[in-house]
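# Reading the structure
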Amino acid sequence: MAASFLFSSCDKETSTTSNVAITVTDGLTGAASAGATVKLYDDVNKPNTGEAPAYTLTADASGKISAPVAYIGGYYIVAENGTRKSYYGGLIPIGIFKTQSDIDASPKQTPAATIGSVKFKDTNGDGVINDADKTHAPLLFLEAGQTLTYSTAVY
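Residues numbered from 1 in each chain as written. Predicted model: local features only at pLDDT ≥ 70, side-chain atom pairs only at ≥ 80, totals over all residues. Heavy atoms only, no water.

## Focus on the packing of aromatic side chains
Tallied over the full model, the rule gives two aromatic pairs. Geometrically, the ring pair formed by Tyr55 and Tyr75 is edge-to-face, given 5.7 Å between the ring centres and 80° between the ring planes. Placement of Tyr55 in strand 3 (residues 55-58) and of Tyr75 in strand 5 (residues 74-81) is noted, with a sequence separation of 20 residues between them. With a relative accessible area of 24%, Tyr55 lands in the partly exposed category. Ring plane angle 80° and centroid distance 5.4 Å describe the contact between Tyr88 and Phe120, whose orientation is recorded as edge-to-face. Taken as a pair, Tyr88 in the loop between strand 6 (84-85) and strand 7 (93-96) and Phe120 in strand 9 (residues 118-120) lie far apart in primary sequence, 32 residues in all. (Phe/Tyr/Trp six-rings, centres within 6.5 Å; stacked < 30°, edge-to-face > 60°. Helix = DSSP H or I, 4+ residues; strand = E, 2+ residues; numbered from the N terminus. Buried < 20%, exposed > 50% of the residue type's maximum accessible area, 1.4 Å probe, protein only.)

Right under this line is the structure:
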C-alpha cells in the first residue's frame, strides 16, 4: 500500500506589534517616577480582579518606558510606584489634599479625606466620591505599527 502526502508551505501569520512610550510622573512633585511599574491589561476587568497583566514594564530613572507590545487594539493601563497609583480599583486620582480648605471645597470621600490623602475624581459630578464614581482604567488604543505616547501620574 503506497501513501502519498502533499506538503504545502503554510506561512505563519506574523503578529503585528505597536510601541508604547509612557512617561510616569510623581503627582505630588511633578518629578519623574523612577522605577514605576506600568501594567498593561488586555481585558477591562483584569485591573480590578487581580489577574495578571499582559505586560509589566518598569520606568527608567527619567520615569520613561519604551517597549514593543503585541497589537490587540487596546490595553488598560495602571501605573504604580510603591503605594502610589494612577488607578485605585475604579477610582481615578487627581491629586493629594494639601489643606483643610482643599478638603472642604472638594467632593466628600469615604473614608473621610485627610491632609495628605489621595483626592479622587468625581466622575458623575454629584459631589460625593463613592462606588458610582468608579470607572474603567484608562484605555490606550493602539493602531497596528503605531508608536503611542502616553503620560500618567501616580498619587
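## Observations regarding the sheet that holds strand 1 (residues 17-26)
Overall, mixed pairing links the three strands, which are arranged 4-1-12 in an open sheet. On the outer flanks of this sheet lie strand 4 (64-70) and strand 12 (147-154), each paired with one strand and no other. Shown here is a sheet whose adjacent strand axes are inclined to one another by a mean of 25°, direction ignored. With seven bridges connecting them, strand 1 and strand 4 associate as antiparallel partners. Note that in strand 4 the partner of Asn19 across the bridge is Pro68. (Pairing = 2+ DSSP bridges. Axes fitted to C-alpha atoms, helices over the stretch in contact; angles between N-to-C directions.)

## Focus: the confidence of the model for the chain
Per-residue confidence for the chain gives a mean pLDDT of 91, with 90% of residues at or over 70. Below pLDDT 50 for its whole length, residues 1-13 participates in zero contacts with residues either more than four positions away or in separate chains. (pLDDT = per-residue confidence, 0-100. Contact = heavy atoms within 4.5 Å.)

## Looking at the environment of Gly145
Its place among the elements puts Gly145 in the loop between strand 11 (139-141) and strand 12. Among the residues examined, Gly145 registers a relative accessible area of 54% and is labelled exposed. Excluding residues within four positions of it along the chain, Gly145 makes contact with Thr16, Thr17 and Ser18.

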